[in-house]
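The lines below spell out each chain.
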Amino acid sequence: MKQFQSWYENHHQYCKDWKARTGGKIVGYMCTYVPEEILYAAGILPTRVLGSHEPHDVTEPHIFGMYCPFCRDVLAQGLKKRYDYIDGLTISQSCLHIRQAFTSWQMHLPLEWSYYLPMPHHVQSPRAVPFLREELVSFKKSVEEWTGKEITDEALDHAIDVYNTNRRLMRQIYELRKAENPPITGLEAMYMVVSSQFVDKADHNKELERVLQNIDGRLADREVGTRLMIIGSENDDVAFMSMAESVGATFVTDDHCTGSRYFWNEAPQDADRLNALAIRYVERPRCPTKDWPERSRIPHLLSMAKEWGVEGVILIQQKFCDPHELDIPAIKKAFEEIDIPTLFLEFDVTTPVGPFRIRVEAFLEMIRGEDLF
Amino acid sequence: MFNVGIDVGAKTIKVVILRDGQPFAQYKGLAGMDTAESVEQAYTEALKEAGISRDQVKRVVSTGVGRKEVPFSDEEVTEVGADSKGIIFVMPNCRTCIDVGAEEGRAIRCDDGGKVRDFAVNEKCAAGAGSFVESMSRALELKLHEMGELSLKATRTVPMNAQCAVFAESEVVSLIHSDTTKEDIARSVHDAIASRIISMVRRVGIEPEIALIGGVSHNVGFVECLERGLETKVTIPDNAEFIGALGAALLAYEGSK
């Protein structure tokens, strides 16, 4: 289990070592709607570009101050040359803020290859899959032209298999969190998912299999406390997770693109591999930029809360994140209707642990009201 | 039997002593840089006030931002829990409790049993709390206690746009330069903090009766702005600053029964 944390903490070192070991190319991606399988099939390691949770002052000339702190933190990592090992960069259309980080990176940093993938917003349209399939044809072609190597069906099959295996194993991990005494904490689950976004999935799968073999009875003595779910935008704020789980709570599940949204569904079997991938990305649990006009997130979240025995929900968003600002009032209302209380928190590059602790503790007290009154 | 609730706030420390579950004595002291020392001092003074010794106290519950700095406390409770416990004791029909202290504003909605149903706390910003008024009074060269009365004499509403205590100060300075009266500026300051508090109250939902507690409830200017904004009267219970400490003391009493 420590391995995931170690990967998380040594993201850049892992990638540099991978490059030295394999001599392969690394592509940074800025959104989890990027079809990593195509890159992986080309022998490329996709690595998610994340922030560092350190205050910075380098993005001001490039990104408006009221763009979300995550996209600014991401661009700052580029400007500070923390990702100087990547050969290419890609993004799929999701929100304007992160797209600004992408275009700014393209303008100011050297890249051999970069690609903007127009992932359809209207994923609920019957035309979304054929649309994305055609876009994936162009994406694949661009990768092939860059690497000078054809991506074969066999390579795609292998990549899809490795990725689907990772998704299946992560689902197994999340299933175990339904237990009365979950054998993994929310913090550990976060280390697992976030590390899976940059570690070679074949390595990650091996580690997951190893962990699953030895998981019986793990953390049996740990006080579970209140069962929480955390919902919102990108979140790899381990300081927050660790604080919340130290005051009498356990996160039993989540809906983040650094969490369950990333691995929830597999690519189906289809002789047309790109069609299979298009189906997978169109049908995955949606990010609020794409969940329109029908609000499919809400029933998904409610049923997840029910299945995982959730007693309270923490709703987080990166400050100024418009898509999540749109969804959060509706989500809050839906949970209140089934008597699950919610706590809203606004995240920034750094977490004010003290003030947040007070809110989380008061929230837990509210849930366990009977102890007080 | 004596029980103690101690509320370690950002600016003051409030101690409430109960005898057999009923308020018996209270004390308020300043919270200095050395919290542990200030806590000790406030506790000693409170015991002196009550005329009892330390070993007569059965149980102590601490609350407030510095509640972990109370070495002799038996239990801790958050401000939200303590407030709702305390307010229901003095005002059983209260459903919405607004607590405005030096560094934090809180809105709490409780049910008929006094359980917290929802709450909101001002977001890491001083513009919705008492210290904002204090720093603006400095810019106006007024004593803090003069702000309230003066604000009631205002003749115009001057909107203040700044959402931040630091920027608001420069707005106040420019109002001074444009010969806006101190009265109007004082009201503008109170309107700004009231509007922040009101949006927080609206987030949890407004249900009568509404109580206002915490140190800022002493500020008549703020109260006027709050009531005008909420379009309703709020009730300020006696000893409004001590409600959190009272709630903690009641929990101590219940825990020692």
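Residues numbered from 1 in each chain as written. Chains lettered and ligands numbered in written order. Predicted model: local features only at pLDDT ≥ 70, side-chain atom pairs only at ≥ 80, totals over all residues.

**Q** Account for the overall build of chain B, with residues named and values stated.
**A** The number of helices and strands found in chain B is eight helices and nine strands. Computed over C-alpha atoms, the radius of gyration of chain B comes to 19 Å, within 12% of the 18 Å expected from 2.2 N^0.38 for 257 residues, which places it in the range of a compact globule. On the principal axes, the C-alpha backbone points of chain B span a range of 60 × 40 × 30 Å. Put simply, chain B has 257 residues, and 51% of those count as buried. (Helix = DSSP H or I, 4+ residues; strand = E, 2+ residues; numbered from the N terminus. Rg over C-alpha atoms; globule rule 2.2 N^0.38 Å. Buried ≥ 20, exposed ≤ 12 C-beta atoms within 10 Å, placed from the backbone.)

**Q** So what's going on with the domain arrangement of chain B? Residues and values would help.
**A** When the parts of a complex come together, some accessible area is lost, and that lost area is often taken as the interface size. All names here are of chain B. According to the domain assignment, chain B consists of domain 1 (1-91 + 241-257) and domain 2 (93-236). On the side of domain 2, 19 residues touch domain 1, which itself brings 15 residues to the contact. With eight residues, helix 2 (residues 79-90) is the largest single contributor of residues to the side of domain 1 that touches domain 2. Grouping the amino acids of the side of domain 1 that touches domain 2 by side-chain chemistry returns six nonpolar, four polar and five charged. (Domains from an automatic or database assignment. Contact = placed C-beta atoms within 7 Å. Nonpolar A, V, L, I, M, F, W, Y, C, P; charged D, E, K, R; others polar.)

**Q** Describe the sheet that holds strand 6 (residues 249-255) of chain A, with residues and values.
**A** Residues and elements named next belong to chain A. With parallel pairing, four strands are arranged side by side in an open sheet as 6-5-7-8. On the outer flanks of this sheet lie strand 6 and strand 8 (342-347), each paired with one strand and no other. Each neighbouring strand pair of the sheet contributes to a mean axis angle of 25°, computed without reference to strand direction. (Pairing = 2+ DSSP bridges. Axes fitted to C-alpha atoms, helices over the stretch in contact; angles between N-to-C directions.)

**Q** Explain the interface of chain B and chain A residue by residue, including any values.
**A** Opposite the 14 residues of chain B that make contact, chain A presents twelve residues. Looking at the side of chain B that touches chain A, the elements with two or more residues in it are helix 2 and strand 8 (116-121) of chain B. For the side of chain B that touches chain A, the residue count by class is six nonpolar, four polar and four charged.

**Q** Explain helix 5 (residues 165-177) of chain B to me, using residue names and the numbers behind them.
**A** All names here are of chain B. With 13 residues, helix 5 ought to run about 18 Å at 1.5 Å a step, and its terminal C-alpha atoms sit 19 Å apart, in line with that. On its buried side, helix 5 packs onto helix 3 (130-139) and helix 6 (182-204). Following helix 5 by one or two positions, D179 has its phi on the positive side, about 60°. (Expected span 1.5 Å × (residues − 1).)

**Q** Talk me through the environment of D236 of chain A; I want residue IDs and the actual numbers.
**A** All names here are of chain A. Looking at the secondary structure, you find D236 in the loop between strand 5 (226-232) and helix 10 (238-244). Assessed through the 22 C-beta atoms surrounding it within 10 Å, D236 is described here as buried. Considered as a pair, D236 and G259 are 23 residues apart in the sequence and their alpha carbons are 8.9 Å apart. In contact with D236, other than residues within four places in its own chain, are L50, M190, V194 and T258.

**Q** Outline the pairing of strand 2 (residues 45-48) of chain A, listing residues and values.
**A** Residues and elements named next belong to chain A. Covered by surrounding structure in strand 2 are L45 and T47 together with P46 and R48, the residues of both alternating faces. In this sheet, strand 2 lies alongside strand 1 (residues 26-29) in parallel orientation, the contact comprising four bridges. Looking at strand 2, one finds that V27 is bridged to P46. Read from strand 1 through helix 3 (residues 36-41) to strand 2, the crossover connection turns out right-handed. (Right-handed = clockwise from strand over helix to strand, strands pointing away.)

**Q** Break down the confidence of the model for chain B for me, citing the residues and quoting the values.
**A** Mean pLDDT over chain B works out to 91, with 97% of the residues at or above the 70 mark. Taken together, the chains of this predicted complex give a pTM of 0.85 and an interface ipTM of 0.71. (pLDDT = per-residue confidence, 0-100.)

**Q** Before we move on, could you go through the nonpolar core and cite the residues and values that matter?
**A** In this structure, M229 of chain A together with I6, V15, F119 and A249 of chain B are the most contacted members of the largest nonpolar core, which totals 192 residues. No fewer than three residues from each of domain 1 (1-91 + 241-257) and domain 2 (93-236) of chain B sit in this core. Discounting residues that sit within four places of it in the chain, A249 of chain B has contacts with N3, V4, G5, V16, I17, L18 and V61 of chain B. (Core = buried A, V, L, I, M, F, W, Y, C linked by C-beta atoms within 7 Å.)

**Q** Account for the packing of helix 4 (residues 69-79) of chain A against helix 5 (residues 96-108) of chain A, naming residues and giving values.
**A** Residues and elements named next belong to chain A. Interaxial distance between helix 4 and helix 5 falls to 8 Å at its minimum, and their mutual angle equals 15°. By the angle between their directions, the pair helix 4 and helix 5 is classed as roughly parallel. For the element pair helix 4 and helix 5, the recorded crossing hand is right-handed. Of the residues in helix 5, those in contact with C71, V74, L75, G78 and L79 of helix 4 are H97, I98, Q100, A101, S104, W105 and H108. Class assignment of the residues belonging to the contact of helix 4 with helix 5 gives a composition of seven nonpolar, five polar and no charged. (Parallel < 35°, antiparallel > 145°, perpendicular 65-115°, else oblique. Left-handed = near helix turned anticlockwise from the far one by under 90°.)

**Q** Break down the sheet that holds strand 2 (residues 12-19) of chain B for me, with residues and values.
**A** Hydrogen bonds between backbone groups are what pair the strands of a sheet, and the pairing can be parallel or antiparallel. All names here are of chain B. Strand order in the open sheet made by the five strands is 3-2-1-4-5, with mixed pairing throughout. Each edge of the open sheet is held by one strand with a lone partner, namely strand 3 (22-30) and strand 5 (75-76). Sheet topology places strand 1 (residues 2-8) next to strand 2; seven bridges connect them, and they run antiparallel. The residue bridging D7 from the neighbouring strand is K14, located in strand 2. Docked against the sheet, helix 1 (residues 35-50) engages strand 1, strand 2 and strand 3, running at close to 140° with respect to strand 3.

**Q** Describe the packing of helix 7 (residues 153-176) of chain A against helix 8 (residues 186-196) of chain A, with residues and values.
**A** Residue and element names in this part refer to chain A. Between helix 7 and helix 8, whose axes approach to 11 Å, the crossing angle comes to 175°. With respect to helix 8, the axis of helix 7 lies roughly antiparallel. Facing N166, M170 and I173 of helix 7, the residues of helix 8 in contact are A189, M192, V193 and S196. Split into classes, the residues belonging to the contact of helix 7 with helix 8 amount to five nonpolar, two polar and no charged.

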